[in-house]
Amino acid sequence: MQEVIRYIRNFDEFYTYMRKKFKDYIAPPHKPEDYIRGAVVVDKIKLYKEDEEKRVVIVFDRRVDVDIIVDALRALGYKVEIKKVF
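Basis of the calculations
- In this numbering scheme, every chain counts its residues from 1 along its sequence in written order.
- In view of the model being predicted, local features appear only for residues whose pLDDT reaches at least 70, and side-chain atom pairs are presented and counted only at 80 or more, with totals across whole chains, interfaces and linings using the full set of residues.
- Water and hydrogen atoms were dropped before computing side-chain values, which therefore reflect all heavy atoms in the structure.
- In this text, helices come from DSSP runs of H or I with a minimum length of four residues, and strands from runs of E with a minimum of two, each type numbered from the N-terminal end.
- Any two residues whose heavy atoms approach within 4.5 Å at even a single point are treated as in contact.
- Two N or O atoms count as a polar contact when they lie within 3.5 Å, although within protein this holds only if one can serve as hydrogen donor and the other as acceptor, and sequence-adjacent residues are included solely when both atoms are side-chain atoms.
- As used in this record, nonpolar core signifies buried Ala, Val, Leu, Ile, Met, Phe, Trp, Tyr and Cys residues forming a set joined through side-chain atoms within 4.5 Å.
- Three exposure classes are used, based on accessible area relative to the maximum for each residue type with a 1.4 Å probe and protein chains only: buried under 20%, partly exposed in between, and exposed over 50%.
- Whenever a carboxyl oxygen of Asp or Glu lies within 4 Å of a side-chain nitrogen of Lys or Arg, that contact is scored as a salt bridge.

Novice: How should I be thinking about the environment of H30 in this particular structure?
Specialist: Its place among the elements puts H30 in the loop between helix 2 (11-20) and helix 3 (32-37). Each C-alpha atom of the pair H30 and Q2 lies 12 Å from the other, and the pair is 28 residues apart in sequence. Among all residues touching H30, those that are not within four sequence positions of it are Y35, V40, V42 and D43. From its side chain, H30 meets the backbone oxygen of P28 in a polar contact 3.4 Å long.

Novice: Before we go on, may I ask you to explain the nonpolar core in this structure?
Specialist: Side chains that are nonpolar tend, in soluble globular proteins, to be buried together. Counting 10 residues, the largest nonpolar core is built from V4, Y7, F11, F14, Y15, M18, I26, V42, I45 and L47. When contributions to this core are tallied by element, the ones reaching two or more residues are helix 1 (2-9), helix 2 and strand 1 (42-50). Residue contributions to this core peak at four residues, all from helix 2. If sequence neighbours within four positions are ignored, I26 has contacts with Y7, F14, M18, K44 and I45.

Novice: I would appreciate a short explanation of the pattern of salt bridges in the present structure.
Specialist: Any two side chains of opposite charge can pair, given that their charged atoms come close. Per the counting criterion, the structure on display carries seven salt bridges. Put simply, K54 and D12 hold a salt bridge, and the shortest N to O gap is 3.3 Å. Taken together, the residues K54 in strand 2 (residues 53-60) and D12 in helix 2 connect sequence positions 42 residues apart. E50 is the salt-bridge partner of R55, the closest N and O atoms lying 3.6 Å from each other. Given a relative accessible area of 31%, R55 falls into the partly exposed group.

Novice: Where do I start with unusual backbone geometry in this structure?
Specialist: Comment: phi is negative for the bulk of residues other than glycine, and the bulk of peptide bonds are trans. Of note, the phi angle at D51 is positive, near 55°, even though the residue is not glycine. As for its placement among the helices and strands, D51 is situated in the loop between strand 1 and strand 2. Take D51: its relative accessible area is 77%, and that puts it in the exposed class. Not every positive phi belongs to a glycine, and E52 is a case in point at roughly 65°.

Novice: Explain the environment of F22 to me, please; I cannot follow it from the model alone.
Specialist: Topologically, F22 is positioned in the loop between helix 2 and helix 3. Taking the C-alpha atoms as reference, F22 lies 29 Å from V64; in sequence the two are 42 residues apart.

Novice: Explain the side chain of D61 to me, please; I cannot follow it from the model alone.
Specialist: Mapped onto the elements of the fold, D61 is located in the loop between strand 2 and helix 4 (66-75). Among the polar contacts listed, one links the side chain of D61 to the side chain of R63, at a separation of 3.0 Å. If we skip the residues at most four places from it in the chain, D61 touches Y35, V40, V41 and D43.

Structure representation (structure tokens):
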């Protein structure tokens, strides 16, 4: 999570990096054993701008309970839109 927070706090720098490298998503570094133990929360993130408004797409690991995350983000005052991809 710390790496994801760093990406979002430094949005402009990582957004520029993504555009230079033609990347849609940034995957924070994880150890394979973290995936096995279920310790990974965020799988990857996407930083983009829509009409000069900064936006972030967070792709969570499929084992994370969506309702807990939605409740936490809404309690912090964020707008939340959920899209499930199967």
